[in-house]
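# Structure at a glance
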Amino acid sequence: MSRHSIGWALYHNELEKLWAHRARVLLIAFILIVLGGSFIVYNSHQSAKTMQRQTIAMMQSQVATLHHQIKQSSGTHKAMLVTELKGDEQGLRQMTSQHNTLNVASQIKMLKTELKHSPLASQGPDREELAQYQSMASHGIRSYNPNAENGFRLAGQVFSNPAMMVFALLAVGLAADRISSEVEGGTLGGLLLHAPYRLKVYLAKLLASLTVIWGFMAAAAVGFFIAGSAFFGIGSAQVPHVVGIRVNILPGSPAQVQVPVQTFHLLPQWSYDLLSLALAMIAMGALVAIALMISILTRSTVIALIIGALLVVSGALSHLLGFFAAWDPVVQLPLMADWTRKATAQFSIHGFSLESGLMVVFTWTAAAIVVGLWYAQRLDV
Amino acid sequence: MHNYTKDQDKSDVMIKFDRVTKKYRGLTVVDHISFEVYRGEICGFLGPNGAGKTTSLRMLLGLLRPTSGRIEVQGTDVHRNAPAALDGVGAIVEESRFYPYLSGEQNLRQALRLRNLDITETAIEERLEAVGLKEARSRRVKGYSLGMRQRLALALALLQDPVILVLDEPMNGLDPTAMREFRLHLLQLSQSGVTVLLSSHILSEVEQLATRLVFINHGHIVGIEDLRTDQAAQAYIRCAEPKRLGAWFDTRNIEAEATEDGGYRLHLERTEDMASLIRRLVHDGMDILEARPYKENLERQYMDRMAITEKETQNVEA
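Predicted model, so just to flag it, every value in this text is computed and none were measured. (Residues numbered from 1 in each chain as written. Chains lettered and ligands numbered in written order. Predicted model: local features only at pLDDT ≥ 70, side-chain atom pairs only at ≥ 80, totals over all residues. Heavy atoms only, no water.)

Quick look at the overall build of chain B now. For chain B, the count of helices and strands is 11 helices and 14 strands. The proportion of buried residues among the 318 residues of chain B is 50%. In chain B, the proportion of contacts linking residues at least 24 apart, taken out of those at least 6 apart, comes to 66%. Surface summary for chain B: the accessible area is close to 15500 Å², and the carbon and sulfur share equals 47%. (Helix = DSSP H or I, 4+ residues; strand = E, 2+ residues; numbered from the N terminus. Buried < 20%, exposed > 50% of the residue type's maximum accessible area, 1.4 Å probe, protein only. Contact = heavy atoms within 4.5 Å. Areas by Shrake-Rupley, 256 points an atom, 1.4 Å probe, with all protein chains shown as cover.)

Set out below in C-alpha cells:
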C-alpha cells in the first residue's frame, strides 16, 4: 500500500476528475485544433501556391504579349512598351524567385553586394536577412525556400496565431467550473469533510487545471509537428528564426508603422518553437489562475464561464480600452506568443514589450492566486 | 458501553457548541446555541425544517463559518484548526452528493486516497460489499437510486473507524432492512465508544437509538433531554378505578398526571421506588391493571417542544 501526502492525493483526485469529466471535450478540441488547424494551413498554403502559379502564368503571358507588341511597334510607343516590359520582367523574376528554393551561398553573395550599395539607414532588413542565411550556411543548410512550411514551423507558429484563442477558451472552460460546479453539485462539502485543507484543495485544483491545459498544449505542439511533417515535410530544425525586433510606433502615425532597429537575435527553429510554447503556456497559466478565481468568487459555472469568455474576447476590444488595455492579460496573449514583437504594432500602446507583457501576466496570476486562496478560506459551503 | 451522566467529566466532551450564531444577510439562522455531546452517546438533534439543524451541523464540520461563537470538536476549535478537530470525524450531511461522472468505486477510491487508506482492489471490494454496492461498483453515480447513494454515503462516513459520526438525515432513501442494519451498526459503534450526533425526521428511529435529545427551533435550542436519567424514574400506573387512584395520589401529595387512557404518570425519586409504590397500592386495595416504567413518546415530546416554541414566537411577534 502506497502512502502519499494529502497534497498529492488532492492533486491526483483532481486530475482524475478532470479527465473523467473533460476527456471527451479535450479529445474533440485536439482533433479540431490539430487536424483542422493543420488542414486550414495546408489549404491556405496550397491556395497561395495556386494563386502564385496563376499570377506567374498571367505575367508570363503578359510579357510574351509585350514582346510581340514591341516587335510590331515603333517610336515613342515602342519605348513605353519596353519600359513596361522591363517592369513586368522584374516582377516576374521576383515572383519566380519567391516560388523557388534559393541557394543559400548565392543569396549571401547577393545580399553582401546589395549592402555595399545601400545607405546605412536602410540596411536593417538586409542585415537581418544576411544573418539568417549565414546562420543557415553555418548549420550546413545549402538551400532554402522561405515560403515552404514544414513540421517545425507549423508546431512553433501555431502559438502565435488564432489557435491561441481556442487554447485560451479551453483554459477558461477547464478552470472556470472547477470550484463552482462542486459548490452547485454539493460535492465540495464532501471533499472538505475528507480533506479539511482549504488552501491545499484550491492549489490542487489550480495545479491539476494547469497540468491538463499545459499537457494539452504540449500534445497539440507534437500533433502540429506530426501533421505539419505529413503535409509539408519535416524540414530543418536549425532554420534560423528572427526574434527581438524592436517595434516602435511613430507618434501620430497609424499603428501599423514599424521601425525595426538592429537589435534582433537568431534562434534555431527548434529553440523558437519551444520558447513560443513556453510563453504560450505562461499566458494560459495566467488565464487558468484568473478563471479559477472567478469560479470561487461567483460560485456559478454559467457566470464564471461568461466572465471568462468575455475576458478572452476582451483582447479584440483592446482599442476601446485605451491605456487600460495594457493591463488586459488577454491583450498580452499575442505579444507573449509572438515574441518577435511584431504583434505590438496591432495595439496602439506605447512601451509594449515582452518584458511588460510578462509583468502584466505575472501580476494577474499572482493577484488571482492570492485572492482565490484568501476567499477559499472564507467560503461557506 | 459508556454511560452518560449529568456530571460527565469535561474531558468526555467530544462536541461543544458555545454561543454559536450564524447570520445570512442579516437573517439569524442560528442564534446563540450552546450544547455538548459526550463520548459514546447517541445524541438526537431534532427540529422542524428550517430550524437551523443543517446549518449547525455544517458549522460543526467546518463547512460554514459561524458569525460568532465557538465550536469545538475533540477539544479543538473547528475554525482554527479543522484538520486536527475533524480527524476521525465521519459525516453524512443532508442529501449525499457525489461526482456523478465518476463510478461508485471511483468516488470511494477518491475518499480513501484523501484519508490515506488502502486503495487496493480487495479493500475497495470489501467496503462496497459491506454496503451492498459491489454489483454497481462500475456504474456512474448519476445512475444510482437515492438508496444506493445513501449506502455509498454510509460507506464513506465509516471509512476510517470514526471517533465521531455526524449524521444529517442518514436514513433517507434506505429500505426497512437497510435501516435496521444501519441502526444496529450505529448501536454497535456507540457501544465501542463512538460519539454520534444524529439529525433525522424519522422520530421512531431516533427514539430507538438516542440516549439524549437536543431540540432546536427557529435557531434556538428549545430543550435538552437525557432519555436515561430524565425518564428512567418515571412510572405509569393504571388501576380498575381511576378516580379512586387519583384521590389516593392527592391525599398523599404525590404529583401524578392523568393520561388519556385513564392511567397516571408520575415521577419517582429513584427507579427502586416503583416496587414500593406497587406494594402500597396493593396494600390499600387498589386493583392494578398495569404498572411499568414510563417512557414518553418521542413524537409527543417533539410536538410539545415545538408547540411551546411556536407559542413563544407568536407572543414575541405580537
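Counting its regular elements, chain A contains 14 helices and four strands. Looking at the 381 residues of chain A, the share that counts as buried comes to 48%. Restricting to contacts in chain A with at least 6 residues of sequence separation, those with at least 24 account for 77%. In the structure as shown, chain A presents an accessible area of about 18600 Å², 66% of it carried by carbon and sulfur atoms.

Attention now moves to the side chain of Arg137 of chain B. Residues and elements named next belong to chain B. Within the secondary structure, Arg137 sits in the loop between α4 (121-130) and α5 (146-157). You can call Arg137 buried: its relative accessible area is 12%. Residue contacts for Arg137: discarding those within four places in its chain leaves Ser103, Gly104, Glu105, Glu121, Ile124, Glu125, Leu128 and Tyr144.

To continue, consider the interface of chain A and chain B. In this complex, chain A contributes 32 residues to the contact, which on the side of chain B involves 29 residues. Overall, the association of chain A and chain B removes approximately 2700 Å² of surface from exposure, summing both partners, and the carbon and sulfur fraction of that is 54%. When the buried surface of chain A facing chain B is broken down by residue, Leu193, His194 and Asp380 of chain A rank first, second and third, together holding 25% of it. At the boundary of chain A and chain B, one finds two salt bridges. Between Glu16 of chain A and Arg113 of chain B there is a salt bridge whose closest N-O contact spans 3.8 Å. Joining chain A to chain B, the criterion identifies 14 residue pairs in polar contact (both at pLDDT 80 or more). Those elements giving two or more residues to the side of chain A that touches chain B turn out to be α1 (6-72), α7 (180-185), α8 (187-194) and α14 (354-378) of chain A. Considering each element in turn, the side of chain A that touches chain B owes the most residues, nine residues, to α1 of chain A. Split by residue class, the side of chain A that touches chain B holds 13 nonpolar, 11 polar and eight charged. (Buried area = accessible area lost by both parts, 1.4 Å probe. Salt bridge = Lys/Arg side-chain N within 4 Å of Asp/Glu carboxyl O. Polar contact = N/O pair within 3.5 Å; in protein donor to acceptor, adjacent residues only side chain to side chain. Nonpolar A, V, L, I, M, F, W, Y, C, P; charged D, E, K, R; others polar.)

Turning to the side chain of Thr365 of chain A, a few remarks are in order. Residues and elements named next belong to chain A. Within the fold, Thr365 resides in helix α14. The exposure class of Thr365 is buried, given its relative accessible area of 17%. Separated by 2.7 Å, the side chain of Thr365 and the backbone oxygen of Val361 make a polar contact.

Residues and elements named next belong to chain B. Across eight bridges, the pairing between strand β1 (residues 13-24) and strand β2 (residues 27-38) is antiparallel. The residue of β2 that forms the bridge with Tyr24 is Leu27. The turn joining β1 and β2, which pair antiparallel and follow one another in sequence, is formed by two residues; a positive phi near 45° is taken by Arg25. (Pairing = 2+ DSSP bridges.)

A word on the UniProt feature "transmembrane region" (unreviewed entry) in chain A. The UniProt record marks residues 25-43, 206-234, 274-295, 302-327 and 357-376 of chain A with the feature "transmembrane region" (unreviewed entry), using the residue numbering of this structure. Secondary structure content for residues 357-376 of chain A is 100% helix and 0% strand, while the C-alpha to C-alpha distance between its ends is 28 Å. (UniProt positions renumbered as here; feature names shortened; annotations may be inferred.)

Residues Phe159, Phe167, Met217 and Met284 of chain A together with Leu60, Leu61 and Leu197 of chain B are the most contacted members of the largest nonpolar core, which totals 102 residues. In terms of residues, this core owes the most to one element, helix α9 (residues 198-232) of chain A, which gives 15 residues. For Leu60 of chain B, the residues in contact, after removing those within four places along its chain, are Ile15, Phe17, Ile71, Val73, Val78, Leu86, Val166 and Leu197 of chain B. Core analysis: the next-biggest nonpolar cluster, separate from the first, contains 45 residues, Leu133, Tyr144, Ala153 and Ala155 of chain B among them. (Core = buried A, V, L, I, M, F, W, Y, C linked by side-chain atoms within 4.5 Å.)

Along its 67 residues, α1 of chain A runs 91 Å from first to last C-alpha, staying within 8% of the 99 Å computed at 1.5 Å per residue. Bending of α1 of chain A peaks at approximately 65° at the position of Arg22 of chain A. (Expected span 1.5 Å × (residues − 1). Bend = angle between axes of the 7 residues up to and from the residue.)

In this section: the packing of helix α10 (residues 269-298) of chain A against helix α11 (residues 301-313) of chain A. All names here are of chain A. The contact between α10 and α11 brings their axes to 9 Å, and the two run at 145°. Handedness of the crossing formed by α10 with α11: right-handed. Along its contact with α10, which presents Leu287, Ile290, Ile294, Ser295 and Thr298, the element α11 presents Ile303, Ala304, Ile307, Gly308, Leu311 and Val312. For the contact of α10 with α11, the per-class residue count stands at eight nonpolar, three polar and no charged. (Axes fitted to C-alpha atoms, helices over the stretch in contact; angles between N-to-C directions. Left-handed = near helix turned anticlockwise from the far one by under 90°.)

Before going further, it helps to spend a moment on the sheet that holds strand β12 (residues 256-258) of chain B. Residues and elements named next belong to chain B. With antiparallel pairing, four strands are arranged side by side in an open sheet as β12-β13-β11-β14. The outermost strands of the open sheet, each flanked by one partner alone, are β12 and β14 (288-293). With direction set aside, neighbouring strand axes in the sheet form an average angle of 20°. In terms of strand pairing, strand β11 (residues 234-239) meets strand β13 (residues 264-267) through four bridges, oriented antiparallel. Counterpart to Tyr236 in the pairing with β13 is Arg265. This element, helix α9 (residues 242-251), spans β11, β12 and β13 of the sheet and lies at about 20° to β13. Sitting on the sheet, helix α10 (residues 273-283) is in contact with β11, β13 and β14, with an inclination near 165° to β14.

Bringing the sheet that holds β1 of chain B into the picture now. Residue and element names in this part refer to chain B. With antiparallel pairing, four strands are arranged side by side in an open sheet as β2-β1-β4-β5. Single-partner strands in this sheet number two, and they are β2 and β5 (76-77). Where helix α1 (residues 53-60) meets the sheet, it contacts β1, β2 and β4 (68-73), and its direction lies at approximately 120° from that of β1.

Attention now goes to the pattern of salt bridges. Residue and element names in this part refer to chain B. Tallied over the entire structure, the rule returns 26 salt bridges over all chains. For Arg19, the salt bridge goes to Asp18, with nearest N and O atoms at 3.2 Å. Bridged by salt links that share partners, the residues Glu105, Arg109, Glu121, Glu125, Lys134 and Arg137 form one connected network.

For the rest of this paragraph, the subject is the confidence of the model for chain A. All names here are of chain A. Confidence in the prediction for chain A averages 81 pLDDT; 81% of positions are at 70 or higher. Across chain A, the element-wise mean pLDDT spans from 52 in helix α13 (residues 332-337) up to 93 in α9. Across residues 246-261 the pLDDT falls below 50, and counting only partners more than four positions away or on other chains, this stretch makes 30 contacts in the model. (pLDDT = per-residue confidence, 0-100.)

Residues and elements named next belong to chain A. At their nearest, the axes of α9 and α10 sit 10 Å apart, and the two run at 145° to each other. Seen along the crossing, α9 lies across α10 with a hand that is right-handed. Two secondary-structure elements touch here, α9 through Tyr202, Lys205, Leu206, Ser209, Leu210, Ile213, Trp214, Met217, Ala218 and Ala221 and α10 through Leu277, Ala280, Met281, Met284, Gly285, Val288, Ala289, Leu292, Met293 and Ile296. Here the contact of α9 with α10 is composed, by residue class, of 17 nonpolar, two polar and one charged.

Counting across every chain of the model gives 14 aromatic pairs over all chains. Ring geometry for Trp248 of chain B and Phe249 of chain B: centres 5.6 Å apart, planes at 75°, overall edge-to-face. Residue class for Phe249 of chain B comes out buried when judged on its relative accessible area of 1%. Taken together through their ring pairs, the aromatic side chains of Phe30, Phe167 and Phe216 of chain A make up a single cluster. (Phe/Tyr/Trp six-rings, centres within 6.5 Å; stacked < 30°, edge-to-face > 60°.)

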